Amino acid sequence: MKHLLGIEDLSKEQIETLIDSAMELKAGRGPDAEKHLCGQTWAMIFTKSSTRTRVSFEVGLNELGASPMFLNANDIQIGRGEPIKDTARVLGRMVHGIIIRTYDQEDVEQLAEYSGIPVINALTDEEHPCQILADLLTIKEKLGGWEGKKVSFFGDGDCNMGRSWAWASKRLGFELCIAAPEEFQPDAEFRKRLGDSPVSITADVNAAADGADVLYTDTWVSMGKENEAADRLRVLAPFQINDDVVAAANPGAIVQHCLPAYRGKEITEEVLEAHSDAIFQEAENRLHAQKAVLVALAGS
Ligand code: CP
Ligand code: NVA
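Here we summarise the structure given alongside this text.

Quick notes on the rules
One numbering rule holds for all chains: residues counted from 1, following each sequence as written. Note on labels: chains are lettered from A, ligands numbered from 1, in written order. This being a predicted model, a pLDDT of at least 70 is required before a residue's local features are given, and a value of 80 or more before pairs of side-chain atoms are given or counted; all residues contribute to the totals for chains, interfaces and linings. Heavy atoms from the whole structure form the basis of all side-chain values; hydrogens and water molecules are not counted. Nearness is judged by heavy atoms alone; a residue qualifies as near a molecule or strand once a single heavy atom is within 4 Å of it. Polar contact is the term for a pair of N or O atoms within 3.5 Å; when the atoms are in protein, one must be able to donate a hydrogen and the other to accept it, and sequence-neighboring residues count only if both atoms are side-chain atoms. Polar here means any residue other than Ala, Val, Leu, Ile, Met, Phe, Trp, Tyr, Cys and Pro, which are nonpolar, and Asp, Glu, Lys and Arg, which are charged; Gly is therefore polar. Areas reported here follow the Shrake-Rupley algorithm with a probe of radius 1.4 Å; residue values treat only the protein chains shown as occluding. Strands are runs of DSSP state E lasting at least 2 residues, helices are runs of H or I lasting at least 4, and numbering of each runs from the N terminus. Here the expected length of a helix is defined as 1.5 Å per residue gap, with one fewer gap than residues. By definition, a residue's bend is the angle between the axes fitted to the seven residues ending there and the seven starting there. Per-residue accessibility, obtained with a 1.4 Å probe over protein chains only, is compared with the maximum for each type, and a residue is labelled buried under 20%, exposed over 50%, and partly exposed between these values.

1. Comments concerning the site of ligand 2
Alright, step 1. Close to ligand 2 lie L123, C159, N160, D218, T219, S222, M223 and L259, which account for all nearby residues.
Alright, step 2. At 2.8 Å, a side-chain N or O of N160 approaches a nitrogen atom of ligand 2.
Alright, step 3. Here a nitrogen atom of ligand 2 and a side-chain polar atom of S222 are 2.7 Å apart.
Alright, step 4. Split by residue class, the shell around ligand 2 holds four nonpolar, three polar and one charged.

2. Thoughts on the site of ligand 1
Alright, step 1. Lining the immediate surroundings of ligand 1 are S50, T51, R52, T53, R101, H128, Q131, C258, L259 and R286.
Alright, step 2. Measuring from a nitrogen atom of ligand 1, one finds a side-chain N or O atom of Q131 at 2.9 Å.
Alright, step 3. Starting from 250 Å² of accessible surface for ligand 1 in isolation, the protein chains cover 95%.
Alright, step 4. The residue makeup of the shell around ligand 1, split by class, is two nonpolar, five polar and three charged.

3. Brief notes about the environment of L194
Alright, step 1. You can see L194 is positioned in helix α7 (residues 188–194).
Alright, step 2. It is 9.4 Å that separates the C-alpha atoms of L194 and R163, two residues lying 31 residues apart in sequence.

4. Looking at helix α12 (residues 276–298)
Alright, step 1. Helix length check: α12 (23 residues) gives 33 Å between terminal C-alpha atoms against 33 Å at 1.5 Å per residue, within 8%.
Alright, step 2. Along its length, α12 shows its largest kink, about 30°, at N285.
Alright, step 3. Of all 23 residues in α12, 17 are buried; the element is thus mostly enclosed.

The following block contains the structure:
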């Protein structure tokens, strides 16, 4: 594995190895843990806001012996129009890896192509692979694994999270049901690229909830979509995870949310608080899953 640009690029074996490694790193966390990235410096270019991703990468890099260098995209020359491929070639001569959160997946791919060092996608409009790895780790801890399980995603099925879930389902073979109104279902071009997969797409919330082992949601207004907020909140309102959705799922189903959560919108206050143990375990797992990615890339 040279980069982590999307779940789409990973094989079943690579995903399984990363989750196993994350579990080992989690169990072995502490001052005596091996410093796999000793003496390295990793740049973190962020064009969008972040709490979990930024904190977990900065802590993870420190714990692995590396120094994070946080670069707000507006403070570096990218913000004034310097091409990504030039930034990539400069950073590639100075740092050991790049973590980037931005809009366009192509920018992340160009960084990987021109920098010559490992690049990690920390969220684009296309994918959020780091989040999915943390989610899979949580599902393994809570349910023993994803084999034979039904994961149901409610809300904006065409956002980065919906798309990354679809690739995870295809690669790992578990059932994924995306419940979304027609205009927020993965588009035809994406479905064609996905090809045959265990992914079903429906506008029927009850059908998605029925027999689900994991109920998953994400904000209805992803970063960059703020000007569509009013329309999104109206159209997506029936796709909220609430007590009725939880009641229709399998007994023992877990609720997951990548966070930040907007209570009363994609999830009710009651459901979020009743399932906060699993949801904040999922947030913590960002740290362990990303450490596994960093260790895998540093050794490539
Ligand atoms: N889930 C997630 O990526 O959170 P942040 O936007 O806070 O990083
Ligand atoms: N779909 C959301 C994920 C936030 C972690 C967004 O892109 O804003």
